[in-house]
Amino acid sequence: MINLLVNIDEKEKSYPIIINNNDISTIKEKINNYTRGTKILVVISQKVDKLYGKTLGFCNSEKIILKDGEQEKNFKNFQKILKKAFEMGLTRKDTIIAVGGGVVGDIAGFAASTYMRGIDFIQVPTTLLACVDSSVGGKTGIDTSFGKNLLGSFYQPKAVIINTNFLKTLDDRQFKTGLGEVVKYTFIEKSCRCDEELNLTNFLSENAEKILGKNEQILEKLIEICINLKISVVRQDEKEGGLRKILNFGHTYGHAIEKITNYKKYTHGEAVVKGIEFAFKLAVKKNLIDINYKYFADDVIKMFNFKKIPDYPIEKMIKIMKMDKKADFDKITFILPTDYSQVDEFRLSGEELLGL
Ligand code: GLY
């Protein structure tokens, strides 16, 4: 078992992250260590409930089951969770638990942050993407017709309980979408300013096959490295005033890919990988990096055999990227590589992207 701590300045916002591979039936007991009240409302993904509902042991009366898919991260489901919380009579001492991937975690966290001005919230991420990224750091929210995550809050959970047994039943595509975020960390590692040198790039090169084979010990270590990098960033900049923006590496273009394909054709991780490739091309065009670093990045990405995404017309992509919440005054914000495992923020005009 690995115990980590997200040590945010304000003490009451700090929380533990537990990574283990104990039997899934022990999760309920672990949750009890972090609840104060008498009631819990469990928001759980349909897939996870089908596979693990009985083993997890939550009562049907304390559960809301959400269908899977980004389209479920909507206002209607947000209202549904709140309605259930009122019907159950949840008080300010009670807790909302998210059991699922990023969609469940984000929407349940947003509901927890608004119900009675905020009640306790615990994350039990069940996908690799949620383990290494969305369950840590307190970003919560829902999508609107104007774009992804446009309603939300920064709201830290009371605990994150990761059980790697859930990862065994992820299909290849779901697993790889998480690897998309893992690969992101390797290109931003030095900029995360972590006290310890974790050397994710070496770890990936040495263990690519074992990672793809879902070797349990290697996955635990991989999750630990990624979370340590994320903790380092979130501790220094909880609300994305500056440093945290580096976690958006690959996301400006990646989000536009998701939008242009109506969030249906590619997974988030696949789109982020395409965004990372775009960022490298752009960095070469702007002379920020040596071409050899781009080739090196291509090789790292190739190790995981991500689904290939074609190039979409740059003019259309620029239009979409200008609508992103990170864009302002007609400029688009990009996180771009500047050296091995280092990135920086750049605000560019649409014209600077033409030809890519
Ligand atoms: N997923 C990016 C962040 O948590 O800031």
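Rules used in this analysis
Residues numbered from 1 in each chain as written. Predicted model: local features only at pLDDT ≥ 70, side-chain atom pairs only at ≥ 80, totals over all residues. Heavy atoms only, no water. Pairing = 2+ DSSP bridges. Helix = DSSP H or I, 4+ residues; strand = E, 2+ residues; numbered from the N terminus. Axes fitted to C-alpha atoms, helices over the stretch in contact; angles between N-to-C directions. Near = heavy atom within 4 Å. Polar contact = N/O pair within 3.5 Å; in protein donor to acceptor, adjacent residues only side chain to side chain. Areas by Shrake-Rupley, 256 points an atom, 1.4 Å probe, with all protein chains shown as cover. Nonpolar A, V, L, I, M, F, W, Y, C, P; charged D, E, K, R; others polar. Phe/Tyr/Trp six-rings, centres within 6.5 Å; stacked < 30°, edge-to-face > 60°. Lys NZ or Arg CZ within 6 Å of the ring centre and 35° of its normal. Buried < 20%, exposed > 50% of the residue type's maximum accessible area, 1.4 Å probe, protein only. Contact = heavy atoms within 4.5 Å. Salt bridge = Lys/Arg side-chain N within 4 Å of Asp/Glu carboxyl O. Expected span 1.5 Å × (residues − 1). Arc of directions from axis to C-beta. Parallel < 35°, antiparallel > 145°, perpendicular 65-115°, else oblique. Left-handed = near helix turned anticlockwise from the far one by under 90°. Core = buried A, V, L, I, M, F, W, Y, C linked by side-chain atoms within 4.5 Å.

Undergrad: Help me understand the sheet that holds strand β4 (residues 63–66) in this model?
TA: In sheet architecture, strand pairing relies on hydrogen bonds along the backbone and comes in two forms, parallel and antiparallel. In spatial order, the strands read β1-β2-β9-β6-β5-β3-β4; together these seven strands make up an open sheet with mixed pairing. Only two strands of the sheet have a single neighbouring strand rather than two, namely β1 (2–6) and β4. Direction aside, neighbouring strands of the sheet carry axes that sit 15° apart on average. When strand β6 (residues 120–125) meets strand β9 (residues 159–163), the two strands line up parallel, connected through two bridges.

Undergrad: How do you make sense of the site of the ligand when you look at a structure like this?
TA: Around the ligand, the neighbouring residues are Asp133, Lys139, Lys230, Glu240, Arg244 and Leu247. Side-chain polar atom of Asp133 to a nitrogen atom of the ligand: 3.1 Å apart, as the coordinates give it. Residue Arg244 places a side-chain N or O atom 2.7 Å away from an oxygen atom belonging to the ligand. The protein chains hide 90% of the 200 Å² of surface that the ligand would expose on its own. Per-class residue counts for the shell around the ligand are one nonpolar, no polar and five charged.

Undergrad: Got a minute to help me understand the packing of aromatic side chains in this structure?
TA: Aromatic rings in a pair are described by how distant their centres are and how their planes are angled relative to each other. Enumeration according to the criterion identifies 14 aromatic pairs in this entry. When the ring of Tyr293 is compared with that of Tyr340, the centres are 4.2 Å apart and the planes differ by 35°; the resulting orientation is tilted. Placement of Tyr293 in helix α11 (residues 291–302) and of Tyr340 in the loop between β10 (332–339) and β11 (342–348) is noted, with a sequence separation of 47 residues between them. Of the aromatic side chains, those joined through ring pairs into one cluster are Phe187, Phe249, Phe280, Tyr293, Phe296 and Tyr340. One cation-aromatic arrangement involves Lys184 over Tyr185; the distance from NZ or CZ to the ring centre is 5.0 Å.

Undergrad: Can you walk me through the environment of Lys265 in this structure?
TA: Turning to its location among the elements, Lys265 is positioned in the loop between α9 (251–260) and α10 (268–285). Overall, the relative accessible area of 46% leaves Lys265 in the partly exposed class. Sequence-distant contacts of Lys265, that is, excluding residues within four places in its chain, are made with Arg173, Glu270 and Tyr312.

Undergrad: Honestly, the pairing of strand β8 (residues 147–154) in this entry has me stumped. Any pointers?
TA: Look at any regular strand and the pattern is simple: side chains alternate between the two faces of the sheet. Pairing between strand β7 (residues 139–144) and β8: five bridges, direction antiparallel. Paired with Gly141 across the bridge in β8 is Gly152. Here β7 folds back onto β8 in antiparallel fashion, the turn holding two residues.

Undergrad: In this structure, what is going on with the pattern of salt bridges? I would like to understand it.
TA: Side-chain pairing between opposite charges can occur once the charged atoms of the two side chains come close. On inspection of all chains with the given rule, the structure shows 25 salt bridges. Here Lys176 makes a salt bridge to Asp172, at a shortest N to O gap of 3.7 Å. Linking Lys176 with Asp172, this pair stays in helix α6 (residues 172–188), spanning four residues, or about one helical turn. Several salt bridges share partner residues, and in doing so they unite Glu70, Lys73, Asp106, Asp143, Lys148 and Glu258 into one network.

Undergrad: When you look at helix α3 (residues 75–88) in this model, what are you seeing that I'm missing?
TA: Since one α-helical turn is 3.6 residues long, residues separated by three or four positions face the same way. Over its 14 residues, α3 extends 20 Å from the first C-alpha to the last, a length consistent with the 20 Å expected when each residue adds 1.5 Å. All buried positions along α3 are accounted for by Asn77, Phe78, Ile81, Leu82, Lys84, Ala85 and Met88. With its buried residues spanning 155° around the axis, α3 presents them on a single face. What points out from α3, more than 90 degrees from its buried face, is the exposed set Lys76, Lys83, Phe86 and Glu87. Where α3 is buried, its residues contact β3 (40–45), β4, β5 (95–100), α4 (102–114) and β7. For α3, the N-terminal cap is Asn74; the gap from its side-chain oxygen to the backbone nitrogen of Lys76 is 3.3 Å.

Undergrad: Would you take a moment to explain the packing of α6 against α10 for this structure?
TA: Helix-helix packing is described using two parameters, namely the angle between the two axes and the distance between the axes. At a minimum axis distance of 7 Å, the contact between α6 and α10 shows a crossing angle of 30°. Taken as axis vectors, α6 and α10 run roughly parallel relative to one another. Where α6 crosses over α10, the handedness of that crossing is left-handed. Note on element contacts: α10 touches α6 through His268, Gly269, Glu270, Val272, Val273, Ile276 and Phe280, opposite Arg173, Thr177, Gly180, Glu181, Val183, Lys184 and Phe187. Among the residues making up the contact of α6 with α10, the classes are represented as six nonpolar, four polar and four charged.

Undergrad: What is the right way to read the environment of Leu56 from this model?
TA: By the secondary structure assignment, Leu56 is in helix α2 (residues 46–56). Looking at Leu56, the relative accessible area reads 2%, which means it is buried. Ignoring anything within four residues of it in the chain, the contact list for Leu56 reads Ile24, Ile27, Lys28, Ile44, Val48, Val99 and Phe166.

Undergrad: Explanation requested: helix α8 (residues 216–236) in the structure shown.
TA: Its 21 residues give α8 an end-to-end C-alpha distance of 30 Å, which sits within 8% of 30 Å, the value for a rise of 1.5 Å per residue. By the criterion of burial, α8 is predominantly enclosed, with 16 of the 21 residues buried.

Undergrad: Please explain the nonpolar core as it appears in this structure.
TA: Burial of nonpolar side chains together is a common tendency in soluble globular proteins. Within the largest apolar cluster, 78 residues are counted, with the highest numbers of intra-cluster contacts made by Ile17, Phe187, Ile211 and Leu222. It is α8 that contributes the most residues to this core, eleven residues altogether. Judged by nonpolar contacts, the second largest core, of 22 residues, contains Ala85, Leu90, Ile96 and Phe121.

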